[in-house]
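Listed here are the chains, written in short residue letters.
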Amino acid sequence: MNQLSAAAADERTRTGLSKEALSRAFLDNLFYLQGRSLDVATDNNLYQAAAFTVRDRLLERWIRSAHVYKEQNARTVCYLSAEFLLGPHLANNLINLGIIEAARAAGDELDLDFEQILESEEEPGLGNGGLGRLAACYMDSLATTQIPAIGYGIRYEFGIFDQVIVDGWQVEKGDTWLRNGNPWEIPRPKLAFPVGFGGYSEEYADEYGVVRHRWRPELQINGVAYDTPIMGYGVNNVNLLRLWRSEAPESFNFGAFNVGDYYGAVHAKIGAETISKVLYPNDEPEAGKELRLKQQFFFVSCSLQDMIRLQLRNTGTLEHFSEKFAVQLNDTHPALAVAELMRLLMDEHLMGWEQAWTITRNTCHFTNHTLLPEALETWPVELFERLLPRHLEIIYAINQRFLDEVRVRFLNDEARVARMSLIDEGGGRKVRMAHLAAVGSRAINGVAELHSELLKSTVMKDFNDLWPERFHNVTNGVTPRRFMVVSNPELAALITETCGNDRWVSDLESLRDLEPHAEDHALQQRWRAVKTNAKRELSDWLGARTGYAPDPESLFDVQAKRFHEYKRQHLNLLHIIWLYEQIKQNANTDLTPRTFIFGGKAAPGYFMAKLMIKLINAVGEVINKDPQVNGTLRVLFMPDFNVKNGQRLYPAADLSEQISLAGKEASGTGNMKFSMNGALTIGTLDGANIEIRDEVGHENFFLFGMTATEVQQRQEAGYQPWEYYQRNEQLRSAIDLIASGLFSHGDAELFRPLTENLIHHDPFMVLADFEDYRERQQEVDRAYRDAHHWDRMSILNTTRMGKFSSDRSIRDYAQRIWQVEPTPVEVHD
């Protein structure tokens, strides 16, 4: 073979998509990158070889995408998020490249267990839940819709903790997701930026006599880039996820070492690396406060310095920075971008205030994710001044100019001025990060229609009064590639066969083509068979891990989400206890057999959430061992709920519990994943539930509970949970059963904090909604007995979920907020 033909063969090995090219590349990557042959390879060796084989095929498209974006000077979305809960990469990339069947055939030819290779992948746990998972969905959809984008975040060495259940309690274990390496990322050791902390700010006059500011940090660390390619579905666009790892500028101090100070020799390295060491659970408002502020500034500063580097390299000037980059702040965690961009433009690149402020305001856009006042980030001024003195000066200057604008617009309204100030002066001075993000952003959006309206009428009402044109709604969405095609391949295949094409995978609205078949009994039977098979697989998986394998013929009633009182897992549990009592009191009670499955993690310091997990497991222990009821009821807790385990759960659910108190959940995205996979929803008019109900049809949604307006009215009237407890016999009996010690081996004190809180405080109004919830659950029971009726509702839930694709969300952002156009990428053979 001459050199030319040899090179061509090598090119096919590295980039070819055929079964033969994949087989050859797999063996090469196993041997040349890991020094292994098939007969001695471990599961991880095989997974790594498969991952490198797929990554090779991404790289050509990645480099080509970068070239096209640069050549066309395409406006780039920079998505700043403290969390990216990506999920496993391998199957998703195989789907997006369109080679999963070729890869499966290559595996068969090499006598490999393809499913085991997929199972071997470690999940990157770089997020707490919905916020990080949304960011990951948006990265997938940005590439799929051909929008040039860079996702910026932190490469946490330890992600969200692994959850194990010991004696019913949650126990946290470190998430060492990098222990076997990460084949998807490419380290960029030369791409590093300095990040300072502490010290002081000083004034000086430049050569023209202009007064400038200079920050003299006490501590400086480096942020080093690690890049992961993010492939779009059915296109050649590959975008960039760039995560930052913290390092000391000098890893080893030989001066300290030479005088015997061995600890001092590595102290700087240890301290610097702490910043990107661990992801903090998001329900711990006090723990690790200083470290979290450092983390937020660290990744924001690195990201903005990187954008400035790119702009200067491409054009040599920052004058048109906001025309090149649209920065999206995913909640308040990256809000420091407003102050840091101002500092970089003024102090490092010597712009005047007005020019820097115009660029900053036209660059930044802010997504708010919460209506809970305690979740709106604030930082003590003292802490801010100690860590970021120059930024506090800039925030004071922004605030002074902003409040002058407020005073002119709203004459003699000092109460409004105090409410809108970037500095909270009451009860210890604090910097309000949501206010900083709002003032420094061109657009502000909520994430569901109800959430956006409540945002404008509650926590950001004053800002909406001032700038109503800046407020938008972009309802969240999720990617159907991961949460249907990867998670539920049997259902995806059935949909494609019935519709006659797979256009729905990137155009979810075309699922409507399935709707005329919803009455077809043959399709209903096949639909139910797919669901039952998914339930059987989940049952086997749960049986191996919990000791209880539920009956796949029972109704799988699922609530899987982060544990928080506002999500009201205890409302679900009270209903289960009521059902248990019904059977115990009357053995002839006619109930549809149900398996109740809970999943989710509680922040390690959130006592009430962890007590709820303990109670669920305690109730399950009693029910699952009671022969009088366990043929009808089962209660199971799925350990370590994450993206990977969610992919087992969503296809198997019959009923999706979305039961948060109305007005508390910004959107929810689990509700979308369940509905896409044919689960029916029992839920309140909260978050995106409202829009889901409107889309799937009110008759295909089990609605209960107060509206957000009714919640507010009842709270203002003086909510008394004790009254509900006294007058509702079913409710009182369920609570008293917990208090009696039945579920705690006679210990009446164990769950007292939970029952007392419900009876006397009940901040999320569980008792007020209980009766309506119980009645609606009886309607669920009746509906499930009519198989044709249930299957029809299930099919319609899936077919009408087109609105909730993250592709639609990204198109909304691109058109209405970022003003960014798609940039297609062509790859030529």
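Keep in mind it's a predicted model, so treat the numbers as computed, not measured.

### Structural notes on the UniProt feature "modified residue: N6-(pyridoxal phosphate)lysine" (unreviewed entry) in the chain
The feature "modified residue: N6-(pyridoxal phosphate)lysine" (unreviewed entry), as given by UniProt, occupies K673 in the numbering adopted here. For K673, the location among the structural elements is in helix α26 (residues 670-676). What makes K673 buried here is its relative accessible area of 5%. With sequence-adjacent residues up to four places away left out, K673 is seen in contact with R133, V478, F483 and Y650.

### Some details on the sheet that holds strand β10 (residues 325-330)
Ordered in space as β5-β8-β9-β2-β1-β10-β11-β15-β16, the 9 strands form an open sheet in which the pairing is mixed. Looking at the sheet topology across the chains shown, the edges are occupied by β5 (186-197) and β16 (471-473). Strand-to-strand twist of the sheet, defined as the mean angle between neighbouring strand axes without regard to direction, takes the value 25°. Two strands pair when backbone bridges link them, and strand β15 (residues 443-446) and β16 are joined in this way by 3 bridges, in the parallel orientation. Considered in β16, the bridge of G446 is made with N473.

### What about empty space enclosed by the protein?
In total, this model carries 6 cavities of 30 Å³ or more according to the counting rule given. A volume near 170 Å³ is recorded for the largest cavity. Lining the largest cavity are 14 residues; nearest its centre among them are F26, A50, A103, A106 and F114. Taken together, the elements giving at least two residues each to the lining of the largest cavity come down to α2 (19-34), α3 (43-71), α4 (90-97), α5 (100-109) and α6 (114-119). Classifying every residue of the lining of the largest cavity by side-chain character gives 12 nonpolar, 2 polar and no charged. In this model, the second largest cavity occupies a volume close to 140 Å³. Residue lining of the second largest cavity: 15 residues in total, with L86, N92, D140, I230 and R482 positioned closest to the centre. Mapped by element, the contributors of at least two residues to the lining of the second largest cavity are α4, α7 (130-144) and β8 (219-231). Ranked by the residues each element gives to the lining of the second largest cavity, the list is headed by α7, at 4 residues.

### Quick look at unusual backbone geometry
For Q146, which is not glycine, the phi torsion reads 65° and is therefore positive. Mapped onto the elements of the fold, Q146 is located in the loop between α7 and β2 (149-154). Of note, M765 is a non-glycine position whose phi angle comes to about 55°, a positive value. Tracing the chain through its elements places M765 in the loop between α31 (752-760) and α32 (766-785).

### Concerning the packing of aromatic side chains
Taken as a whole, this structure holds 24 aromatic pairs when the rule is applied. Between F197 and F297, the ring centres sit 5.8 Å apart and the planes meet at 75°, which makes this aromatic pair edge-to-face. Of this pair, F197 sits in strand β5 while F297 sits in helix α10 (residues 289-315), placing them 100 residues apart in sequence. A residue is classified by how much of its surface remains accessible, and F297, at 0% relative accessible area, is buried. Taking 5.0 Å as the distance between ring centres and 15° as the angle between the ring planes, the aromatic pair formed by Y813 and W818 counts as stacked. Taking relative accessible area as the criterion, W818 reaches 0% and is therefore assigned buried. Among the aromatic residues, ring-to-ring pairing joins Y79, Y138, Y813 and W818 into one connected group. The ring of W379 carries the charged tip of K289 above its face, separated from the ring centre by 5.0 Å. Here K601 stacks its cationic end above the ring of F161, 5.4 Å away from the centre of that ring.

### Notes on the pattern of salt bridges
Using the criterion set out here, one finds 66 salt bridges in the structure. In this structure, R416 engages D413 in a salt bridge whose closest nitrogen and oxygen atoms are separated by 3.1 Å. The exposure class of R416 is buried, given its relative accessible area of 12%. Salt-bridge contacts for R481 lead to D807; the nearest nitrogen and oxygen are separated by 2.7 Å. Taken as a pair, R481 in helix α20 (residues 480-486) and D807 in helix α34 (residues 806-818) lie far apart in primary sequence, 326 residues in all. We classify R481 as buried; its relative accessible area is 0%. You can call D807 buried: its relative accessible area is 2%. Salt bridges linked by common partners bring D413, R416, R419, K461, D462 and D465 together as one network.

### Overview of the domain arrangement of the chain
Segmentation of the chain into domains returns domain 1 (1-72 + 92-122), domain 2 (75-87 + 124-161 + 173-374 + 443-451 + 470-476 + 812-818) and domain 3 (480-804). Contact with domain 1, which involves 21 residues of that partner, is made by 29 residues of domain 2. For the domain 1 and domain 2 pair, buried surface summed over both sides reaches about 2100 Å², with 56% attributable to carbon and sulfur atoms. The largest per-residue losses of area from domain 1 upon contact with domain 2 belong to W62, Y69 and E122, which jointly make up 36% of the total buried on that side. With a shortest N-O distance of 3.1 Å, E122 and R179 are connected by a salt bridge. With 14 residues, the top contributor of residues to the side of domain 1 that touches domain 2 is α3. Broken down by class, the residue content of the side of domain 1 that touches domain 2 amounts to 10 nonpolar, 6 polar and 5 charged.

### Some thoughts on helix α18 (residues 449-457)
Among the residues of α18, L450, H451, S452, L454 and L455 are the ones counted as buried. Where α18 is buried, its residues contact β15, α19 (461-466), β16, α27 (689-696) and α28 (708-717).

Calculation rules
Residues numbered from 1 in each chain as written. Predicted model: local features only at pLDDT ≥ 70, side-chain atom pairs only at ≥ 80, totals over all residues. Heavy atoms only, no water. UniProt positions renumbered as here; feature names shortened; annotations may be inferred. Helix = DSSP H or I, 4+ residues; strand = E, 2+ residues; numbered from the N terminus. Buried < 20%, exposed > 50% of the residue type's maximum accessible area, 1.4 Å probe, protein only. Contact = heavy atoms within 4.5 Å. Pairing = 2+ DSSP bridges. Axes fitted to C-alpha atoms, helices over the stretch in contact; angles between N-to-C directions. 1 Å grid on protein atoms, 1.4 Å probe; cavity = no way out; pocket = protein on both sides within 12 Å on 5 of 7 lines; lining within 4 Å. Points joined across faces, edges and corners; volume = space filled by probe spheres on them. Nonpolar A, V, L, I, M, F, W, Y, C, P; charged D, E, K, R; others polar. Phe/Tyr/Trp six-rings, centres within 6.5 Å; stacked < 30°, edge-to-face > 60°. Lys NZ or Arg CZ within 6 Å of the ring centre and 35° of its normal. Salt bridge = Lys/Arg side-chain N within 4 Å of Asp/Glu carboxyl O. Domains from an automatic or database assignment. Buried area = accessible area lost by both parts, 1.4 Å probe.

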